[in-house]
Amino acid sequence: NPLDFSGVWRFRELLNFCEDKHRVTVGEGQTLLQQNDELAAFLGMDKGSLHLEYEGMNPSGSFKDNGMTAAFSHAVMVGAKSCACASTGNTSAAVALYAHACGMKCTVFIGSGRIAFGKLSQAMDYGANTIQIQGDFDDCMKQVQEVCTRLNIYLLNSLNPFRLEGQKTIMYRIIEGLGWEVPDWIIVPGGNLGNSSAFGKAFFELKELGLIDRIPRLAIINAAGADTLSYLVNERGLKWNGGNVNMKEVQALYADFTARHFSPHTIASAIEISRPVNLKKCLRSIDICDGIVRKVTDEQICDAKALVGRYGMGCEPASAATIAGLRDMLADGTIGKSERVACVLTGHLLKDPDKTVSYHKNSEGEFSNPPVESANDIEEIIKH
Ligand code: F0G
(Lines give C-alpha, C1' and ligand atoms only; values in the text may rest on other atoms or scores of the structure.)
Protein backbone atom coordinates (compact mmCIF):
# COMPACT_ATOMS: atom_id res chain seq x y z
CA ASN A 1 0.00 0.00 0.00
CA PRO A 2 1.67 3.29 -1.12
CA LEU A 3 0.17 4.98 1.95
CA ASP A 4 2.49 2.93 4.16
CA PHE A 5 5.49 4.55 2.42
CA SER A 6 4.26 8.04 3.26
CA GLY A 7 5.70 9.50 6.46
CA VAL A 8 2.34 11.24 6.87
CA TRP A 9 -0.19 8.52 6.04
CA ARG A 10 1.46 5.73 7.97
CA PHE A 11 -0.02 7.67 10.90
CA ARG A 12 -3.42 7.83 9.20
CA GLU A 13 -5.36 6.63 12.25
CA LEU A 14 -4.46 10.01 13.74
CA LEU A 15 -5.58 11.95 10.61
CA ASN A 16 -8.88 10.29 10.20
CA PHE A 17 -10.85 12.77 8.11
CA CYS A 18 -11.08 10.97 4.77
CA GLU A 19 -11.14 7.53 3.19
CA ASP A 20 -8.08 5.90 1.67
CA LYS A 21 -9.45 6.39 -1.88
CA HIS A 22 -9.21 10.20 -1.44
CA ARG A 23 -5.70 10.30 -0.05
CA VAL A 24 -3.15 11.91 -2.39
CA THR A 25 0.48 10.95 -1.80
CA VAL A 26 3.77 11.57 -3.59
CA GLY A 27 5.86 9.80 -0.94
CA GLU A 28 6.19 12.73 1.46
CA GLY A 29 7.51 12.64 5.01
CA GLN A 30 10.45 10.28 4.49
CA THR A 31 12.65 12.58 6.48
CA LEU A 32 15.65 12.11 8.72
CA LEU A 33 16.08 12.86 12.40
CA GLN A 34 19.82 13.24 12.91
CA GLN A 35 21.53 13.13 16.27
CA ASN A 36 24.25 15.71 15.65
CA ASP A 37 26.91 15.41 18.36
CA GLU A 38 29.47 17.55 16.51
CA LEU A 39 27.18 20.56 16.35
CA ALA A 40 26.07 19.84 19.93
CA ALA A 41 29.72 19.91 21.06
CA PHE A 42 30.34 23.16 19.18
CA LEU A 43 27.34 24.71 20.95
CA GLY A 44 28.50 23.38 24.33
CA MET A 45 25.72 20.78 24.62
CA ASP A 46 26.07 17.25 25.92
CA LYS A 47 26.42 14.28 23.58
CA GLY A 48 23.00 13.01 22.47
CA SER A 49 21.24 16.28 23.33
CA LEU A 50 20.77 17.79 19.88
CA HIS A 51 18.64 16.36 17.08
CA LEU A 52 18.01 17.94 13.68
CA GLU A 53 14.84 17.05 11.79
CA TYR A 54 15.56 17.46 8.06
CA GLU A 55 12.24 18.37 6.49
CA GLY A 56 14.09 19.48 3.33
CA MET A 57 14.15 15.79 2.36
CA ASN A 58 10.50 15.99 1.33
CA PRO A 59 9.70 15.65 -2.42
CA SER A 60 9.36 19.42 -2.96
CA GLY A 61 12.24 20.15 -0.58
CA SER A 62 10.36 21.55 2.42
CA PHE A 63 8.04 20.59 5.29
CA LYS A 64 5.07 21.89 3.29
CA ASP A 65 4.49 18.48 1.69
CA ASN A 66 3.29 17.13 5.06
CA GLY A 67 0.46 19.62 4.96
CA MET A 68 -0.28 19.47 1.24
CA THR A 69 -0.79 15.73 1.14
CA ALA A 70 -3.54 16.14 3.74
CA ALA A 71 -5.12 19.30 2.31
CA PHE A 72 -5.12 17.93 -1.26
CA SER A 73 -6.79 14.75 -0.01
CA HIS A 74 -9.53 16.93 1.43
CA ALA A 75 -9.68 18.95 -1.82
CA VAL A 76 -10.17 15.72 -3.80
CA MET A 77 -12.79 14.56 -1.32
CA VAL A 78 -14.85 17.73 -1.80
CA GLY A 79 -14.40 17.67 -5.59
CA ALA A 80 -12.25 20.82 -5.97
CA LYS A 81 -11.17 21.52 -9.55
CA SER A 82 -8.74 24.38 -9.00
CA CYS A 83 -6.64 25.65 -6.15
CA ALA A 84 -4.49 28.58 -5.11
CA CYS A 85 -2.15 29.86 -2.42
CA ALA A 86 -0.11 32.88 -1.40
CA SER A 87 3.51 32.07 -0.78
CA THR A 88 7.01 33.09 0.21
CA GLY A 89 8.09 30.24 -2.09
CA ASN A 90 7.90 26.83 -0.48
CA THR A 91 4.12 26.65 -0.30
CA SER A 92 3.93 27.51 -4.00
CA ALA A 93 6.39 24.74 -4.89
CA ALA A 94 4.48 22.16 -2.85
CA VAL A 95 1.04 23.26 -4.07
CA ALA A 96 2.23 23.14 -7.67
CA LEU A 97 3.62 19.62 -7.19
CA TYR A 98 0.48 18.20 -5.59
CA ALA A 99 -1.88 20.03 -7.97
CA HIS A 100 -0.03 18.43 -10.86
CA ALA A 101 -0.18 15.03 -9.12
CA CYS A 102 -3.98 15.15 -8.88
CA GLY A 103 -4.72 17.03 -12.10
CA MET A 104 -5.94 20.23 -10.54
CA LYS A 105 -5.51 23.76 -11.96
CA CYS A 106 -3.26 25.82 -9.77
CA THR A 107 -2.41 29.50 -9.26
CA VAL A 108 0.22 30.79 -6.88
CA PHE A 109 0.47 34.37 -5.59
CA ILE A 110 3.92 35.66 -4.73
CA GLY A 111 5.31 39.04 -3.68
CA SER A 112 7.34 40.57 -6.49
CA GLY A 113 11.06 39.95 -5.94
CA ARG A 114 10.44 38.38 -2.54
CA ILE A 115 11.00 34.68 -3.15
CA ALA A 116 14.16 32.67 -3.71
CA PHE A 117 14.64 31.74 -7.36
CA GLY A 118 14.93 28.00 -6.69
CA LYS A 119 11.41 27.98 -5.28
CA LEU A 120 9.91 29.96 -8.16
CA SER A 121 11.53 27.62 -10.66
CA GLN A 122 9.79 24.65 -9.00
CA ALA A 123 6.35 26.19 -9.45
CA MET A 124 7.20 26.84 -13.11
CA ASP A 125 8.39 23.27 -13.64
CA TYR A 126 5.20 21.82 -12.17
CA GLY A 127 3.12 24.06 -14.44
CA ALA A 128 1.50 26.47 -11.99
CA ASN A 129 0.15 29.87 -13.03
CA THR A 130 2.09 32.49 -11.12
CA ILE A 131 0.73 35.89 -10.18
CA GLN A 132 3.47 38.19 -8.97
CA ILE A 133 1.91 40.96 -6.90
CA GLN A 134 3.61 44.27 -6.27
CA GLY A 135 3.51 43.82 -2.54
CA ASP A 136 4.64 41.46 0.20
CA PHE A 137 3.38 38.09 1.45
CA ASP A 138 0.71 39.68 3.63
CA ASP A 139 -0.72 41.51 0.60
CA CYS A 140 -0.74 38.23 -1.37
CA MET A 141 -2.47 36.44 1.52
CA LYS A 142 -5.23 39.05 1.63
CA GLN A 143 -5.80 38.98 -2.13
CA VAL A 144 -5.77 35.21 -2.53
CA GLN A 145 -8.45 34.81 0.14
CA GLU A 146 -10.70 37.24 -1.71
CA VAL A 147 -10.03 35.54 -5.07
CA CYS A 148 -10.74 32.08 -3.66
CA THR A 149 -14.01 33.21 -2.09
CA ARG A 150 -15.22 34.99 -5.21
CA LEU A 151 -14.21 32.34 -7.73
CA ASN A 152 -14.82 29.25 -5.56
CA ILE A 153 -11.20 28.13 -5.64
CA TYR A 154 -9.74 25.79 -3.00
CA LEU A 155 -7.30 27.69 -0.72
CA LEU A 156 -4.16 25.88 0.37
CA ASN A 157 -2.49 28.21 2.84
CA SER A 158 -2.13 27.05 6.42
CA LEU A 159 -5.46 28.72 7.27
CA ASN A 160 -6.68 25.43 5.85
CA PRO A 161 -7.08 23.16 8.91
CA PHE A 162 -6.30 19.98 6.94
CA ARG A 163 -2.81 21.33 6.23
CA LEU A 164 -2.19 21.45 9.95
CA GLU A 165 -3.44 17.88 10.38
CA GLY A 166 -0.69 16.68 8.03
CA GLN A 167 1.97 18.84 9.69
CA LYS A 168 1.27 17.15 13.04
CA THR A 169 3.15 14.13 11.71
CA ILE A 170 6.48 16.01 11.87
CA MET A 171 6.17 15.68 15.64
CA TYR A 172 5.17 12.00 15.43
CA ARG A 173 8.31 11.30 13.42
CA ILE A 174 10.52 13.16 15.89
CA ILE A 175 9.13 11.18 18.82
CA GLU A 176 9.40 7.98 16.80
CA GLY A 177 13.04 8.83 15.94
CA LEU A 178 13.78 9.26 19.65
CA GLY A 179 12.49 5.76 20.38
CA TRP A 180 9.03 7.05 21.39
CA GLU A 181 10.53 9.42 23.93
CA VAL A 182 9.43 13.03 24.19
CA PRO A 183 12.25 15.61 23.89
CA ASP A 184 12.51 18.53 26.32
CA TRP A 185 12.32 21.16 23.60
CA ILE A 186 11.05 21.52 20.06
CA ILE A 187 12.45 24.56 18.23
CA VAL A 188 10.73 25.81 15.08
CA PRO A 189 10.89 28.95 12.93
CA GLY A 190 7.75 31.12 13.06
CA GLY A 191 6.29 32.64 9.89
CA ASN A 192 2.58 32.19 9.25
CA LEU A 193 2.61 29.99 12.41
CA GLY A 194 1.10 26.89 10.82
CA ASN A 195 3.78 24.56 12.15
CA SER A 196 3.72 25.91 15.67
CA SER A 197 -0.09 25.59 15.68
CA ALA A 198 0.03 22.04 14.34
CA PHE A 199 2.71 20.93 16.81
CA GLY A 200 0.73 22.05 19.87
CA LYS A 201 -2.33 20.20 18.56
CA ALA A 202 -0.24 17.08 17.93
CA PHE A 203 1.06 16.97 21.50
CA PHE A 204 -2.29 17.86 23.05
CA GLU A 205 -3.94 14.95 21.22
CA LEU A 206 -1.16 12.44 21.90
CA LYS A 207 -1.39 13.23 25.61
CA GLU A 208 -5.21 12.98 25.60
CA LEU A 209 -4.89 9.58 23.90
CA GLY A 210 -2.41 8.45 26.54
CA LEU A 211 0.34 7.91 23.93
CA ILE A 212 2.75 10.31 25.67
CA ASP A 213 2.99 11.23 29.31
CA ARG A 214 4.36 14.76 29.01
CA ILE A 215 4.45 17.58 26.49
CA PRO A 216 7.73 19.15 25.33
CA ARG A 217 8.30 22.90 25.51
CA LEU A 218 8.01 24.78 22.24
CA ALA A 219 10.34 27.61 21.22
CA ILE A 220 9.19 29.62 18.22
CA ILE A 221 11.85 31.72 16.52
CA ASN A 222 11.02 34.87 14.56
CA ALA A 223 13.44 36.73 12.32
CA ALA A 224 14.04 40.15 13.86
CA GLY A 225 12.87 41.82 10.63
CA ALA A 226 9.49 40.01 10.81
CA ASP A 227 8.90 39.65 14.53
CA THR A 228 5.18 40.22 15.00
CA LEU A 229 4.69 37.19 17.25
CA SER A 230 7.62 38.13 19.44
CA TYR A 231 6.29 41.68 19.71
CA LEU A 232 2.74 40.59 20.58
CA VAL A 233 3.73 37.91 23.09
CA ASN A 234 6.84 39.39 24.69
CA GLU A 235 6.13 43.11 24.52
CA ARG A 236 2.32 43.26 24.59
CA GLY A 237 1.71 40.22 26.80
CA LEU A 238 -0.75 38.55 24.40
CA LYS A 239 -1.89 35.12 25.68
CA TRP A 240 -4.33 32.34 24.78
CA ASN A 241 -6.27 33.16 27.93
CA GLY A 242 -8.65 30.20 27.70
CA GLY A 243 -9.58 31.13 24.13
CA ASN A 244 -10.63 34.66 25.02
CA VAL A 245 -8.35 36.28 22.48
CA ASN A 246 -9.83 39.55 21.37
CA MET A 247 -9.10 39.50 17.63
CA LYS A 248 -10.20 43.14 17.26
CA GLU A 249 -7.52 44.06 19.76
CA VAL A 250 -5.05 41.89 17.83
CA GLN A 251 -5.93 43.71 14.59
CA ALA A 252 -5.26 47.03 16.36
CA LEU A 253 -1.92 45.68 17.62
CA TYR A 254 -1.08 44.55 14.07
CA ALA A 255 -1.84 48.06 12.82
CA ASP A 256 0.28 49.57 15.57
CA PHE A 257 3.08 47.15 14.75
CA THR A 258 2.90 47.75 11.01
CA ALA A 259 3.04 51.49 11.58
CA ARG A 260 6.30 51.02 13.47
CA HIS A 261 7.88 48.52 11.08
CA PHE A 262 6.73 49.65 7.67
CA SER A 263 7.35 46.38 5.83
CA PRO A 264 8.88 43.11 7.05
CA HIS A 265 12.39 42.43 5.85
CA THR A 266 14.74 39.53 6.51
CA ILE A 267 17.30 37.45 4.65
CA ALA A 268 15.11 34.47 5.67
CA SER A 269 12.56 35.33 2.97
CA ALA A 270 10.46 32.23 3.81
CA ILE A 271 9.42 33.80 7.12
CA GLU A 272 9.15 37.41 5.96
CA ILE A 273 5.57 37.70 7.23
CA SER A 274 4.10 40.36 9.48
CA ARG A 275 0.46 39.28 9.88
CA PRO A 276 0.52 35.56 10.66
CA VAL A 277 -2.88 34.01 9.88
CA ASN A 278 -2.56 31.29 12.52
CA LEU A 279 -1.85 33.66 15.38
CA LYS A 280 -4.75 32.52 17.56
CA LYS A 281 -4.07 28.81 17.09
CA CYS A 282 -0.41 29.46 17.81
CA LEU A 283 -1.25 31.18 21.10
CA ARG A 284 -3.07 28.00 22.06
CA SER A 285 0.03 25.94 21.22
CA ILE A 286 2.16 28.23 23.37
CA ASP A 287 -0.31 27.61 26.18
CA ILE A 288 -0.34 23.83 25.68
CA CYS A 289 3.46 23.56 25.37
CA ASP A 290 4.53 26.20 27.91
CA GLY A 291 6.05 27.84 24.86
CA ILE A 292 8.31 30.82 24.38
CA VAL A 293 9.02 33.14 21.46
CA ARG A 294 12.42 34.54 20.51
CA LYS A 295 13.76 36.65 17.68
CA VAL A 296 17.15 36.47 15.98
CA THR A 297 18.96 38.84 13.63
CA ASP A 298 19.84 38.11 10.00
CA GLU A 299 23.51 37.91 11.00
CA GLN A 300 22.71 35.23 13.62
CA ILE A 301 20.65 33.35 11.01
CA CYS A 302 23.48 33.39 8.45
CA ASP A 303 26.05 32.19 11.00
CA ALA A 304 23.73 29.44 12.18
CA LYS A 305 23.05 28.36 8.59
CA ALA A 306 26.79 28.03 8.01
CA LEU A 307 27.03 25.84 11.14
CA VAL A 308 24.30 23.50 9.85
CA GLY A 309 26.23 23.42 6.56
CA ARG A 310 29.52 22.57 8.26
CA TYR A 311 28.33 20.10 10.89
CA GLY A 312 25.12 18.86 9.32
CA MET A 313 23.56 18.57 5.88
CA GLY A 314 22.62 22.22 5.42
CA CYS A 315 19.31 24.04 5.33
CA GLU A 316 17.78 27.24 4.03
CA PRO A 317 18.05 30.51 6.04
CA ALA A 318 14.58 30.39 7.69
CA SER A 319 15.31 26.89 9.01
CA ALA A 320 18.59 28.03 10.56
CA ALA A 321 16.69 30.50 12.75
CA THR A 322 16.14 27.47 15.02
CA ILE A 323 19.86 27.00 15.63
CA ALA A 324 20.36 30.74 16.08
CA GLY A 325 17.57 30.75 18.67
CA LEU A 326 19.05 27.69 20.37
CA ARG A 327 22.43 29.45 20.72
CA ASP A 328 20.76 32.39 22.44
CA MET A 329 18.72 30.17 24.75
CA LEU A 330 21.81 28.14 25.73
CA ALA A 331 23.72 31.36 26.38
CA ASP A 332 21.10 32.81 28.73
CA GLY A 333 20.39 29.49 30.47
CA THR A 334 16.81 29.05 29.17
CA ILE A 335 17.90 25.70 27.77
CA GLY A 336 20.35 23.56 29.75
CA LYS A 337 23.22 21.79 28.00
CA SER A 338 21.91 18.33 28.85
CA GLU A 339 18.30 18.99 27.80
CA ARG A 340 17.13 17.09 24.75
CA VAL A 341 16.39 19.44 21.88
CA ALA A 342 14.91 18.79 18.42
CA CYS A 343 15.25 21.59 15.85
CA VAL A 344 12.95 21.45 12.83
CA LEU A 345 14.99 22.32 9.72
CA THR A 346 12.07 23.27 7.52
CA GLY A 347 13.66 23.65 4.08
CA HIS A 348 16.50 22.25 1.94
CA LEU A 349 19.87 23.98 1.55
CA LEU A 350 19.47 24.15 -2.24
CA LYS A 351 16.25 26.16 -2.05
CA ASP A 352 18.26 29.33 -1.72
CA PRO A 353 21.87 28.78 -2.90
CA ASP A 354 22.46 32.50 -3.53
CA LYS A 355 22.46 33.15 0.22
CA THR A 356 25.02 30.39 0.78
CA VAL A 357 27.30 31.66 -1.97
CA SER A 358 27.15 35.26 -0.76
CA TYR A 359 27.97 34.15 2.81
CA HIS A 360 31.24 32.70 1.56
CA LYS A 361 32.29 35.93 -0.20
CA ASN A 362 33.97 38.93 1.43
CA SER A 363 32.94 42.56 0.89
CA GLU A 364 35.04 42.65 -2.33
CA GLY A 365 33.05 39.71 -3.68
CA GLU A 366 35.93 37.22 -3.32
CA PHE A 367 35.41 33.70 -1.98
CA SER A 368 37.10 32.85 1.33
CA ASN A 369 37.82 29.38 -0.06
CA PRO A 370 37.79 29.98 -3.82
CA PRO A 371 37.63 27.20 -6.41
CA VAL A 372 41.11 26.63 -7.92
CA GLU A 373 41.42 26.94 -11.69
CA SER A 374 43.31 24.04 -13.31
CA ALA A 375 44.23 22.84 -16.77
CA ASN A 376 42.61 19.53 -17.74
CA ASP A 377 45.92 17.83 -17.02
CA ILE A 378 46.47 15.04 -14.48
CA GLU A 379 49.88 16.26 -13.22
CA GLU A 380 48.59 19.79 -12.62
CA ILE A 381 45.43 18.48 -10.92
CA ILE A 382 47.51 16.30 -8.56
CA LYS A 383 49.76 19.28 -7.80
CA HIS A 384 46.70 21.28 -6.77
N1 F0G B 1 10.46 27.62 7.15
C2 F0G B 1 10.30 27.60 5.83
C3 F0G B 1 11.40 27.03 5.00
C4 F0G B 1 9.11 28.11 5.24
O5 F0G B 1 8.96 28.07 3.93
C6 F0G B 1 8.11 28.65 6.08
C7 F0G B 1 6.88 29.19 5.54
C8 F0G B 1 8.33 28.63 7.47
C9 F0G B 1 9.51 28.12 7.97
C10 F0G B 1 7.32 29.17 8.41
O11 F0G B 1 6.37 28.21 8.70
O12 F0G B 1 4.28 29.48 8.33
O13 F0G B 1 4.30 27.33 9.56
O14 F0G B 1 5.27 29.38 10.58
N15 F0G B 1 6.70 29.42 4.32
C16 F0G B 1 5.40 29.82 3.75
C17 F0G B 1 5.47 29.75 2.24
C18 F0G B 1 4.80 31.01 4.31
O19 F0G B 1 4.68 30.45 1.58
O20 F0G B 1 6.25 28.99 1.71
P21 F0G B 1 4.97 28.62 9.35
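Residues numbered from 1 in each chain as written. Predicted model: local features only at pLDDT ≥ 70, side-chain atom pairs only at ≥ 80, totals over all residues.

Draft legend 1. Here's a closer look at the overall build of the protein chain. When helices and strands are tallied, the protein chain shows 15 helices and ten strands. Over its C-alpha trace the protein chain gives a radius of gyration of 21 Å, about what one expects of a compact globule, namely 21 Å for 384 residues. Looking at the protein chain as a whole, 52% of its 384 residues are labelled buried. A separation of at least 24 residues holds for 74% of the contacts in the protein chain among residues at least 6 apart in sequence. (Helix = DSSP H or I, 4+ residues; strand = E, 2+ residues; numbered from the N terminus. Rg over C-alpha atoms; globule rule 2.2 N^0.38 Å. Buried ≥ 20, exposed ≤ 12 C-beta atoms within 10 Å, placed from the backbone. Contact = placed C-beta atoms within 7 Å.)

Draft legend 2. Up close: the site of the ligand. If you check the shell around the ligand, you find 21 residues, and the closest are Gly 191, Asn 192, Gly 194, Thr 346 and Gly 347. Counting only domains with at least three residues in the shell around the ligand, you end up with domain 1 (32-59 + 163-358) and domain 2 (63-160). (Near = placed C-beta within 6 Å. Domains from an automatic or database assignment.)

Draft legend 3. Region of interest: the nonpolar core. Cys 83, Ala 84, Val 95, Ala 96, Val 108, Ile 187 and Ala 321 are the most contacted members of the largest nonpolar core, which totals 107 residues. Counting contributing residues, this core receives three or more from each of domain 1 (32-59 + 163-358) and domain 2 (63-160). For Val 95, the contacting residues outside a window of four places in its chain are Met 68, Cys 83, Cys 85, Cys 106, Val 108 and Leu 156. (Core = buried A, V, L, I, M, F, W, Y, C linked by C-beta atoms within 7 Å.)

Draft legend 4. Local environment of the sheet that holds strand β6 (residues 154-155). In spatial order, the strands read β5-β4-β3-β6; together these four strands make up an open sheet with parallel pairing. Because the sheet does not close on itself, it has two edges, and the strands there are β5 (129-133) and β6. Sheet topology places strand β3 (residues 82-87) next to β6; two bridges connect them, and they run parallel. Across the sheet, Ala 84 pairs through a bridge with Leu 155, a residue of β6. Relative to the sheet, helix α3 (residues 90-101) contacts β3 and β4 (105-111), its axis offset from that of β3 by approximately 165°. Taken strand by strand, helix α5 (residues 137-151) contacts β3, β4, β5 and β6, and its axis lies near 160° from that of β3. (Pairing = 2+ DSSP bridges. Axes fitted to C-alpha atoms, helices over the stretch in contact; angles between N-to-C directions.)

Draft legend 5. How the structure looks around the UniProt feature "modified residue: N6-(pyridoxal phosphate)lysine" (unreviewed entry) in the protein chain. UniProt tags Lys 64 as "modified residue: N6-(pyridoxal phosphate)lysine" (unreviewed entry). Tracing the sequence through the fold places Lys 64 in helix α2 (residues 64-77). A residue is classified by how many C-beta atoms lie within 10 Å of it, and Lys 64, with 33 of them, is buried. Beyond its immediate chain neighbours, meaning those up to four positions away, Lys 64 contacts Asn 90, Thr 91 and Ala 94. (UniProt positions renumbered as here; feature names shortened; annotations may be inferred.)

Draft legend 6. Region of interest: the environment of Leu 52. Counting through the fold element by element, Leu 52 comes out in strand β2 (residues 50-54). Leu 52 sits in the buried class, given 25 other C-beta atoms within 10 Å. Separated by 289 residues in the primary sequence, Leu 52 and Val 341 have C-alpha atoms spaced 8.5 Å apart. Apart from residues lying up to four places away in sequence, Leu 52 is in contact with Gln 34, Asn 36, Gly 312, Cys 343 and Leu 345.

Draft legend 7. Here's a closer look at the pairing of β3. Across the six residues that make up β3, a large majority, five, are buried. Two strands pair when backbone bridges link them, and β3 and β4 are joined in this way by six bridges, in the parallel orientation. Within the sheet, the bridge partner assigned to Ser 87 lies in β4 and is Ile 110. Read from β3 through α3 to β4, the crossover connection turns out right-handed. (Right-handed = clockwise from strand over helix to strand, strands pointing away.)

Draft legend 8. Region of interest: the packing of helix α12 (residues 298-311) against helix α13 (residues 317-331). Two numbers describe how α12 lies on α13: the axes approach to 7 Å, and their chain directions differ by 100°. As summarised for this structure, α12 and α13 are arranged roughly perpendicular, according to the angle between their axes. Residues Gln 300, Ile 301, Cys 302, Ala 304, Lys 305, Leu 307 and Val 308 of α12 touch α13, and the partners they reach there are Pro 317, Ala 320, Ala 321, Ile 323, Ala 324 and Arg 327. Per-class residue counts for the contact of α12 with α13 are ten nonpolar, one polar and two charged. (Parallel < 35°, antiparallel > 145°, perpendicular 65-115°, else oblique. Nonpolar A, V, L, I, M, F, W, Y, C, P; charged D, E, K, R; others polar.)

Draft legend 9. Main features of the pairing of strand β7 (residues 185-189). In terms of residue burial, β7 counts as a mostly covered element, since five of its five residues are buried. With burial as the criterion, each face of β7 is covered, one bearing Trp 185, Ile 187 and Pro 189 and the other bearing Ile 186 and Val 188. Pairing geometry for β7 and strand β8 (residues 217-223), over five bridges, is parallel. Considered in β8, the bridge of Pro 189 is made with Ile 221. What joins β7 to β8 is helix α8 (residues 194-208), and the crossover it makes is right-handed. Sheet analysis places β7 next to strand β10 (residues 341-345), joined by three bridges and oriented parallel. By the bridge assignment, Ile 186 is partnered in β10 with Ala 342.

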